[in-house]
Amino acid sequence: RKEVEQDPGPFNVPEGATVAFNCTYSNSASQSFFWYRQDCRKEPKLLMSVYSSGNEDGRFTAQLNRASQYISLLIRDSKLSDSATYLCVVTGMNRDDKIIFGKGTRLHILP
Amino acid sequence: DAGITQSPRHKVTETGTPVTLRCHQTENHRYMYWYRQDPGHGLRLIHYSYGVKDTDKGEVSDGYSVSRSKTEDFLLTLESATSSQTSVYFCAIRIGAGASGELFFGEGSRLTVL
């Protein structure tokens, strides 16, 4: 099993729809989880951290399911500007713990 | 803005020449990283640093060396560039609670080796 797995997509979603991605991880000792957004030919940018209790930021909701070892990202009322690649990131608490990036899920919002 | 800049942003060079990429930060963060990103591979860690003169290898370190003589600068050197090192290179700094903080990336350095 890969350390971090994401569906590469692309997800083609009409504007205004709700879309959700999952990201599975293999190391049950993982402690920190993040979602990043990357636009074409740009650097990854932090979208949101994922907390154990789940968290919401506007139209974006992130959740962590430790029992099944996955994190999720839900985007409501999707906008054309949400088109990007979404990367999940998993790491531990110690300096030597690896920071594992998923390969990303591509999202295309259709007008 | 995490105060991280990379230079050069674009470079074309020939096989066998040395290349140095610079990552500069303005906020004295301890943890700094160099990644490369290629289609189909995602982000792969080359080298990382936990402080001045404290560096270690990542998963794709062959052909690369790094130096960190000052907190603010993390240099990545290709001693003898090869075409397989054509890539986009991202520097990142880690911000927040120790080793669990978020990464913030520079804008990237696009390197082409002919």
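Residues numbered from 1 in each chain as written. Chains lettered and ligands numbered in written order. Predicted model: local features only at pLDDT ≥ 70, side-chain atom pairs only at ≥ 80, totals over all residues. Heavy atoms only, no water.

Draft legend 1. The nonpolar core, seen in detail. Phe21, Trp35, Ile71, Leu73, Ile75, Tyr86 and Leu107 of chain A are the most contacted members of the largest nonpolar core, which has 23 residues in total. Every element with two or more residues in this core is listed here: strand S3 (19–25), strand S4 (32–38), strand S5 (45–50), strand S7 (60–65), strand S8 (70–75), strand S9 (84–91) and strand S11 (105–110) of chain A. When neighbours within four sequence positions are excluded, Leu73 of chain A is seen to be in contact with Val19, Ala20, Phe21, Trp35, Leu47, Met48, Phe60, Thr61 and Tyr86 of chain A. Core analysis: the second largest hydrophobic core is formed by 20 residues, Leu21, Met32, Tyr64 and Val66 of chain B among them. (Core = buried A, V, L, I, M, F, W, Y, C linked by side-chain atoms within 4.5 Å. Buried < 20%, exposed > 50% of the residue type's maximum accessible area, 1.4 Å probe, protein only. Helix = DSSP H or I, 4+ residues; strand = E, 2+ residues; numbered from the N terminus. Contact = heavy atoms within 4.5 Å.)

Draft legend 2. How the structure looks around the pattern of salt bridges. Counted according to the given criterion, the structure contains 10 salt bridges over all chains. Among the ionic pairs, Arg37 of chain A bridges to Asp39 of chain A, the shortest N-O distance being 2.8 Å. Classification of Asp39 of chain A as partly exposed rests on a relative accessible area of 29%. Notably, a salt bridge pairs Arg9 of chain B with Glu107 of chain B, separated by 3.0 Å at the nearest N-O pair. Taken as a pair, Arg9 of chain B in the loop between strand S1 (4–7) and strand S2 (10–13) and Glu107 of chain B in the loop between strand S10 (102–105) and strand S11 (109–113) lie far apart in primary sequence, 98 residues in all. Among the residues examined, Arg9 of chain B registers a relative accessible area of 34% and is labelled partly exposed. The network of salt bridges with shared partners includes Arg22, Lys70 and Asp73 of chain B. (Salt bridge = Lys/Arg side-chain N within 4 Å of Asp/Glu carboxyl O.)

Draft legend 3. View of the pairing of S3 of chain A. Residue and element names in this part refer to chain A. Side chains Val19, Phe21, Cys23 and Tyr25 project from S3 onto a buried face, and the interleaved Ala20, Asn22 and Thr24 project onto a face without burial. Across 3 bridges, strand S1 (residues 4–6) lies against S3 in antiparallel orientation. Residue pairing across strands places Val4 opposite Tyr25, the latter belonging to S3. Sheet topology note: the S3/S8 ladder contains 6 bridges and is antiparallel. Across the sheet, the residue bridging to Ala20 is Leu74, located in S8. (Pairing = 2+ DSSP bridges.)

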